[in-house]
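For reference, the chains in residue letters:
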Amino acid sequence: MSEVSVQQANDRETMLIHTPFHSRSSALNKLNSWENWKGFMVAHEYDDYELEYFAIRSQTGVMDLTPMTKYRITGPDAEAYLNRLVTRDVTKIKVGRVGYTVWCNSDGQVMDDGTIFHLAEDEYRLCSYTHCIDWLMWSAEGFDVEIVDETKQVAALAVQGPTSCSCLMAMGLEGIENLKPFGLTTFPFEGGELMVSRTGFTGDLGYELWVEPALAEALWDQLFAAGKQYLIRPFGLYALDMARKEAGFIQAAVDFVPAEDQVRVGRTRSPFEIGLGWLVDFNKPFFNGRKALLKEKENGSRYRFVMLDIEGNKPANNSFILNKKGKVIGTVTSAGWCPSAKANVAFGQVDAKYGEIGEELITEIYYERELHWTKVLAKSVVVKGPMYDPPRRRATPPAPF
Amino acid sequence: MTKSYDVVMVGGGHNGLICATYLAKAGRRVLVLEANEQLGGGAATREFHPGFSVSACAQWMYSLNPTIAKDLNLASHGLQYAAKNLHSIALAKDAKHVTITGEGGVEGVSAQDKAAYREFRRKMGKFSKLLDKLFTVRPPKVIENNWTDRINLLKIGLGVKLLGKADMYELLRLGLINMFDVMEETFDDELLKSLISFDGVLGAHMGPRSPGTVYGYLYRHMGDVYGFNGPALVKGGMGSVGVALANAATAAGVEIRSAARVKSIDLTAERASGVTLENGESISATLVVSNADPKTTFNNLVGRRNLETNTVRRVKNFRTKASAAKLHLALDGLPEFTGLSAGQVGNRLVIAPDMHHIERAFNCAKYGEFSTAPVLDISIATVHDKGLAPEGKHVLSAIVQFAPGQLKAGWTEATKNAFKELAINTIADYAPGIKELIIASELLTPADLEGEYNMTDGHWHHGDISLDQVVMMRPFPGSEQYGTPVDGLYLCGAGAHPGGNVMGLAGKNAANEIIKRGGSA
Ligand SMILES: Cc1cc2nc3c(=O)[nH]c(=O)nc-3n(C[C@H](O)[C@H](O)[C@H](O)COP(=O)(O)OP(=O)(O)OC[C@H]3O[C@@H](n4cnc5c(N)ncnc54)[C@H](O)[C@@H]3O)c2cc1C
């Protein structure tokens, strides 16, 4: 997105930055309900969050993903650089593939999670929650790499749902049905290039579309025209949050405190403590946090991430988690009703002694009905999760509609 | 892979050799690998012109720790002094020189300044003794609950208390201020002030007004506790220190290989496991100890990609800007200095007319230029040690400040010659006939010293001795008590506590720490 003039900024009547899709998303935002996502203005809810959520699960939902922080990392040392930066083995992410990862500080505490797009030989995109250019630059000492924050140079849409592949085919993206999960490919588009990755944060069949800002509106228009027959509709961050909990995805700054944002000592977590130990690869060359993580692996963690299947339908937001004797052993970080799974899910942090899969715990839930508060001690079983994991998420080619 | 050792030492500087010897005496199988032909690192003798040799880097011996000299029997291994307890003479153009004598007094100043000097030395002597308590042990950690550290801290704390109230306040005050202010409040004579304050900035990228220079002065005068009443000259030049130490090391069972440059410190996933030489040969070891400076060790030998981002930043921010150059002259005869007898020119001669002069000389370096009016610390060792030059001829060696390692204009033949001429002309102001005596001359900028002696930026102490880079913060937090963020890798050189100069304590303390941790610590 090009820099805006003072005049333009004043005309917006908001201090938030408009994304290149704003003309389209604002026209559809009947509730005029917006959120601040890292300084950008994105829809919270367009007209009905439940219908938006169900678009993700039964049709096609579209979300403006532009505010996602994006860094372009290029140069002969790009692979080695990323491999030292993050916990997983980047050499295994081949050209045309995407990998989810976390990165840690020297104490082995998670700074952020994100995705690495291997765009071409010596060329990557790193998507993150935090703005971390300082950390990325510091980490570049001794590596021949160039790092550019391209957040504003790339407009992006998430296109998620069972009919999403059909939408894209109808849009003329030939062969898109052959794109495997975590694959990426490009198409010529309006004289430019459209990159499509089979990625998403909903746990459903879905894609993410990336173009230069000048082509954003054309992309939106063509996508919505092609998707009309598949009941395409835009969705906001509220629906996304429902979907990601159902899909078992943790969220930075919600389910863990990014290490650089920590104010109080001891509030950060290691990958093992947020259920992402599988992303830590000790068999690759040195990486940030390695020594601390190895020590933790030997000596044990302080906390354990749990996914809880909670009895009843009362959302367990902000609840304490108790063991069966009634002792407080942890807290809930995210919770909500999963409409498709028909389950009441919560993510929590508990004392590492507890929380084995299958263990029965108690969640202390307070809920309110017309100013009347009630407390329930809900039986909560630790599950492997996720609550919802449709086979179509992985099917290649996806079923046509 | 060839043989395996308990310890591989990267670098055969004096600290490396001392550390290696103590380790060998404790039963470790030690191999020393030195990049250069000569051992001793910055303690080197250099034949810069056929038949003419000087102490190339360090030229004066003034702080070798006596316990080390005794433990290692250095006298029996060949360490001899050509002269000891030399005077420091600040030259005046009008020949009214000021002399700090080997007996600890001062000549050429008023009775009042003489008395002030005695009091100044008394106080500084007490502080140096206190520092000695801190320098001869590993630096205590700030937070760690460890009895060794607690006791050491207690001893130092007790030492501070025992100074008495007045001196205790003085220490706390002086530690943080600068030489310029201390000199102004203590002495009247400009030349005396200048002579003393110069000791606070020798080898530092600082002027007398820079904070922390009193610490620099105290550091420079540790030798006053170690039995040096003024500078000494090692017979055969400083290189003889390397030779004696190498003899002591070999006698203790250390294996030494010179002209063996280490290319990398090898790591298994978890720890340092050996080294690979420039020629491709790999040598495995239980521990690797590095006498090389911290930047060389971490950036070049371990490699930044094998270190945490935090560590890489710490290493980068470790201040190594150097601005001491060396001037070497081969002379056809003994130069005459105005107002000095032939016997006196063998002392330490200092050209630093007043403190403003030093400060201005530093100002140039601050902005990437060499001093247009440099300050010099001159040694004509041949007065005491005839073997360094052919019969009847002499060598002059001088530390010339300030010449930044990274000259804005770049160090070329032209800029080097210009600075050399400046330095020679400066000496000629005090020794008018000297230019006619010059047979050959050489200037080594910090950049040259870096190339010759493999020390980053050519820094005297491998990195500034300033309050933020000493004791438990040397070289940087996270790499202290001679350990490093890399398990199995230790530091034992000037970049570790307490710092540089031919002193040996970094090497000795590192050995103690390694022995204390035991096994494959
Ligand atoms: C201009 C100048 C004047 C000085 N004057 C004095 C003085 O008058 N008196 C005094 O006491 N001190 C003086 N010093 C300071 C003194 O020289 C140093 O502080 C001292 O030499 C440090 O000793 P060290 O053993 O720790 O390191 P060094 O002497 O630097 O030894 C390190 C050794 O490691 C070797 N090495 C480095 N990298 C490798 C590698 N990759 N492989 C193998 N070997 C390697 C080097 O070749 C070197 O031999 C002076 C310094 C300078 C620069």
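Reading the values: rules and limits
Residues numbered from 1 in each chain as written. Chains lettered and ligands numbered in written order. Predicted model: local features only at pLDDT ≥ 70, side-chain atom pairs only at ≥ 80, totals over all residues. Heavy atoms only, no water. Near = heavy atom within 4 Å. Polar contact = N/O pair within 3.5 Å; in protein donor to acceptor, adjacent residues only side chain to side chain. Areas by Shrake-Rupley, 256 points an atom, 1.4 Å probe, with all protein chains shown as cover. Helix = DSSP H or I, 4+ residues; strand = E, 2+ residues; numbered from the N terminus. Nonpolar A, V, L, I, M, F, W, Y, C, P; charged D, E, K, R; others polar. Domains from an automatic or database assignment. Core = buried A, V, L, I, M, F, W, Y, C linked by side-chain atoms within 4.5 Å. Buried < 20%, exposed > 50% of the residue type's maximum accessible area, 1.4 Å probe, protein only. Contact = heavy atoms within 4.5 Å. Pairing = 2+ DSSP bridges. Axes fitted to C-alpha atoms, helices over the stretch in contact; angles between N-to-C directions. Buried area = accessible area lost by both parts, 1.4 Å probe. Salt bridge = Lys/Arg side-chain N within 4 Å of Asp/Glu carboxyl O. UniProt positions renumbered as here; feature names shortened; annotations may be inferred.

### Observations regarding the site of the ligand
All names here are of chain B. In the vicinity of the ligand lie 36 residues, with E34, G42, W60, N454 and W460 positioned nearest. H14 places a side-chain nitrogen or oxygen 3.1 Å from an oxygen atom of the ligand. Within the side chain of E34, one N or O atom sits 2.6 Å away from an oxygen atom of the ligand. Here the ligand, which alone exposes 990 Å², has 99% of that area covered by the protein. Elements represented by at least two residues in the shell around the ligand include exactly α1 (14-25) and α15 (446-453). Residues that form the shell around the ligand fall into these classes: 18 nonpolar, 15 polar and 3 charged. A domain split of the shell around the ligand shows at least three residues from each of domain 1 (5-43 + 59-81 + 236-319 + 456-516) and domain 3 (320-453).

### Here's the deal with the nonpolar core
Nonpolar side chains tend to gather and get buried jointly when the protein is soluble and globular. Residues and elements named next belong to chain B. One finds L33, M61, F120, F135, I196, V241 and V275 to be the most contacted residues of the largest nonpolar core, which totals 121 residues. Sorting elements by how many residues they give to this core places helix α3 (residues 111-135) first, with 9 residues. Residues within four places of F135 in sequence aside, it is in contact with Y215, Y219, M222, Y226, H497, P498, M503, L505 and N509.

### Topic: the sheet that holds strand β15 (residues 320-322) of chain A
Backbone-to-backbone hydrogen bonds join strands into a sheet, with any given pair of strands oriented parallel or antiparallel. All names here are of chain A. Pairing within the closed barrel is antiparallel, and its 6 strands lie in the order β14-β17-β16-β15-β18-β19. Ignoring which end each strand starts from, the neighbouring axes of this sheet average 40° apart. Inspection of the sheet shows strand β16 (residues 328-338) paired to strand β17 (residues 343-351) by 8 bridges, in the antiparallel sense. Opposite G336, over in β17, you have V345 as the bridge partner. Strands β16 and β17 of the sheet are contacted by helix α8 (residues 237-246), whose axis makes an angle of about 120° with β16.

### Examining the interface of chain A and chain B
Taken together, the contacts link 18 residues of chain A with 16 residues of chain B. The junction of chain A with chain B conceals about 1,500 Å² of combined surface from both sides, 44% of it contributed by carbon and sulfur atoms. Our count for the contact surface shared by chain A and chain B stands at 4 salt bridges. Close ionic contact of D77(A) with R305(B) constitutes a salt bridge, the shortest N to O distance being 3.1 Å. Viewed at the interface, chain B and chain A are joined by 10 residue pairs in polar contact (both at pLDDT 80 or more). Those elements that provide at least two residues to the side of chain A that touches chain B are α4 (78-85), α5 (133-139) and α9 (290-299) of chain A. Classifying every residue of the side of chain A that touches chain B gives 7 nonpolar, 6 polar and 5 charged.

### So, the domain arrangement of chain B
Residue and element names in this part refer to chain B. Domain boundaries assigned for chain B yield domain 1 (5-43 + 59-81 + 236-319 + 456-516), domain 2 (117-224) and domain 3 (320-453). Distance between the C-alpha centres of domain 2 and domain 3: 28 Å. Each partner contributes residues to the interface: domain 2 has 23 residues there, and domain 3 has 21 residues. Of the roughly 1,700 Å² buried at the junction of domain 2 and domain 3 (both faces included), carbon and sulfur atoms supply 64%. At the junction of domain 2 and domain 3, the tally comes to 1 salt bridge. When the shortest N-O distance is used, the salt bridge between R348 and D199 registers 2.9 Å. At the junction of domain 2 with domain 3, the criterion picks out 7 residue pairs in polar contact (both at pLDDT 80 or more). In terms of residues, the side of domain 2 that touches domain 3 owes the most to one element, helix α7 (residues 190-201), which gives 9 residues. Each residue belonging to the side of domain 2 that touches domain 3 can be placed in one class, and the counts come to 11 nonpolar, 6 polar and 6 charged.

### Comments concerning the UniProt feature "domain: GCVT N-terminal" (unreviewed entry) in chain A
Under the local residue numbering, the UniProt record ascribes the feature "domain: GCVT N-terminal" (unreviewed entry) to residues 35-284 of chain A. Structurally, residues 35-284 of chain A is divided into 22% helix and 30% strand, and its ends, taken at the C-alpha atoms, are 40 Å apart.

### Focus: the domain arrangement of chain A
All names here are of chain A. Under the domain assignment, chain A is made up of domain 1 (17-66 + 154-247) and domain 2 (303-385). If you average the C-alpha positions of domain 1 and of domain 2, the two centres end up 32 Å apart. Domain 1 puts 7 residues into the contact, and the matching count from domain 2 is 9 residues. Carbon and sulfur atoms supply 60% of the area buried between domain 1 and domain 2, which totals about 650 Å² over both sides.

### Some details on the pairing of β17(A)
Residues and elements named next belong to chain A. Of all 9 residues in β17, 8 are buried; the element is thus mostly enclosed. Bridge analysis of strand β14 (residues 303-310) against β17 gives 8 bridges, and the strand direction is antiparallel. By the bridge assignment for β17, L308 is matched with A346. A loop of 4 residues connects β16 with β17, the two strands running antiparallel in sequence, and K342 in this loop sits at a positive phi of about 50°.

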